[in-house]
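Survey of secondary and tertiary structure
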Amino acid sequence: METIGKQKSIDGDVKQLISFMVGNEEYAMEIVRVKEVIRTPTITRLPKAPSFVKGIINLRGDVIPIVDLRDKFGLEAAEYTSSTRVIVVDVEGKLIGMIVDAASQVIRVPTDQIEPPPPVAGGLPSDLIEGVGKIGERLIVLLDIDMILSSTEKVQLEGIQISMTDQKPEAVASV
């Protein structure tokens, strides 16, 4: 599949997004930011890691921190199921895995069907939201992946990645 963030259509620009579920809400992000979607692997827990960091994985030699979006969004924890996925994304040049309840599909949304973010959507601050896409009767919250982590959280994740570079790859569960 070709990964294109924006395409021209007869009616104007179109964004290609990957949609996913966290709790009962449907979210999406630009597919160009997604490196891959994987089944939930064995996650190596880290002592003293921030609560939103569930641990790390070794994905073909890359040590990637794993963030649970349920925790990040303040939702109640849930057991991982056969539908649970990890979406590996690029956030400011760093790979981060985000646990979601289900990765739905790739969708195309005309830019004229994307509204600006409301002041608060589902309890999330508006700076996390790029917009709200309308597809028929469905409303899909478009996340701004660069804003999903605060500056402090990004520094905490950087510290995890730096400390892991000194460990042997065998010390981390491999996918």
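This text gives an overview of the structure that appears in the document. (Residues numbered from 1 in each chain as written. Predicted model: local features only at pLDDT ≥ 70, side-chain atom pairs only at ≥ 80, totals over all residues. Heavy atoms only, no water.)

Inspection of every chain in the model, using the stated rule, returns 8 salt bridges. Measuring nitrogen to oxygen at the nearest pair gives 3.0 Å for the salt bridge that ties arginine 70 to aspartate 101. Residue arginine 70 is found in helix H1 (residues 69-72), and its partner aspartate 101 is found in the loop between strand S8 (94-100) and strand S9 (102-110); the two are separated by 31 residues along the sequence. Residue classification places arginine 70 among the buried residues on the basis of a relative accessible area of 16%. A salt bridge links lysine 134 to glutamate 115; the nearest nitrogen and oxygen atoms lie 3.0 Å apart. Here glutamate 115 lies in strand S10 (residues 114-115) and lysine 134 lies in strand S13 (residues 129-135), a separation of 19 residues in the sequence. Residue classification places glutamate 115 among the partly exposed residues on the basis of a relative accessible area of 36%. (Salt bridge = Lys/Arg side-chain N within 4 Å of Asp/Glu carboxyl O. Helix = DSSP H or I, 4+ residues; strand = E, 2+ residues; numbered from the N terminus. Buried < 20%, exposed > 50% of the residue type's maximum accessible area, 1.4 Å probe, protein only.)

Another aspect to go through is empty space enclosed by the protein. One pass over the full model with this rule turns up 2 cavities of 30 Å³ or more. Size it by volume and the largest cavity reaches roughly 50 Å³. Asp68, Arg70, Ala78, Glu79, Tyr80, Thr84, Ile99, Val100 and Asp101 together form the lining of the largest cavity. Residue classes in the lining of the largest cavity are distributed as 4 nonpolar, 1 polar and 4 charged. (1 Å grid on protein atoms, 1.4 Å probe; cavity = no way out; pocket = protein on both sides within 12 Å on 5 of 7 lines; lining within 4 Å. Points joined across faces, edges and corners; volume = space filled by probe spheres on them. Nonpolar A, V, L, I, M, F, W, Y, C, P; charged D, E, K, R; others polar.)

Before going further, it helps to examine unusual backbone geometry. Despite not being glycine, arginine 60 has its phi angle at roughly 50 degrees, a positive value. Tracing the chain through its elements places arginine 60 in the loop between strand S5 (53-59) and strand S6 (62-68). Taking the relative accessible area as the measure of exposure, arginine 60 reaches 60% and is therefore exposed. Even without glycine at this site, glutamate 92 takes up a positive phi of about 55 degrees. Along the chain, glutamate 92 falls in the loop between strand S7 (85-91) and S8.

So, on to the side chain of glutamate 26. Examined against the element boundaries, glutamate 26 turns out to sit in strand S3 (residues 25-30). By relative accessible area, glutamate 26 is classed as buried at 14%. Side chain to side chain, glutamate 26 and arginine 138 meet in a polar contact 2.7 Å long. Setting aside residues up to four positions removed in sequence, glutamate 26 forms contacts with Ser19, Phe20, Met21, Ser104, Arg138, Leu139, Ile140 and Val141. (Polar contact = N/O pair within 3.5 Å; in protein donor to acceptor, adjacent residues only side chain to side chain. Contact = heavy atoms within 4.5 Å.)

For the rest of this paragraph, the subject is the sheet that holds S8. Read from one edge of the open sheet, 5 strands run S4-S7-S8-S6-S5, paired in mixed fashion. The open sheet is flanked by strand S4 (34-39) and S5, the only strands paired with a single partner. Neighbouring strand axes in the sheet, compared pairwise and without regard to direction, differ in orientation by 30 degrees on average. Note: S7 against S8, 7 bridges, orientation antiparallel. Looking at S8, one finds that valine 86 is bridged to isoleucine 99. (Pairing = 2+ DSSP bridges. Axes fitted to C-alpha atoms, helices over the stretch in contact; angles between N-to-C directions.)

Grouped together as the largest cluster of nonpolar side chains are 25 residues, with contacts concentrated most on Phe20, Met29, Leu69, Val89 and Leu143. Sorting the residues of this core by element identifies strand S2 (12-22), S3, S7, S8 and strand S14 (138-143) as the ones contributing at least two each. Once you skip the residues sitting within four places of it in the chain, phenylalanine 20 turns out to touch Glu25, Glu26, Tyr27, Ala28, Met29, Leu69, Ile87, Val100, Ala102, Ala103, Ser104 and Leu143. Ile43, Ile57, Ile64 and Ile66 belong to the second-largest nonpolar core, a separate cluster that totals 9 residues. (Core = buried A, V, L, I, M, F, W, Y, C linked by side-chain atoms within 4.5 Å.)

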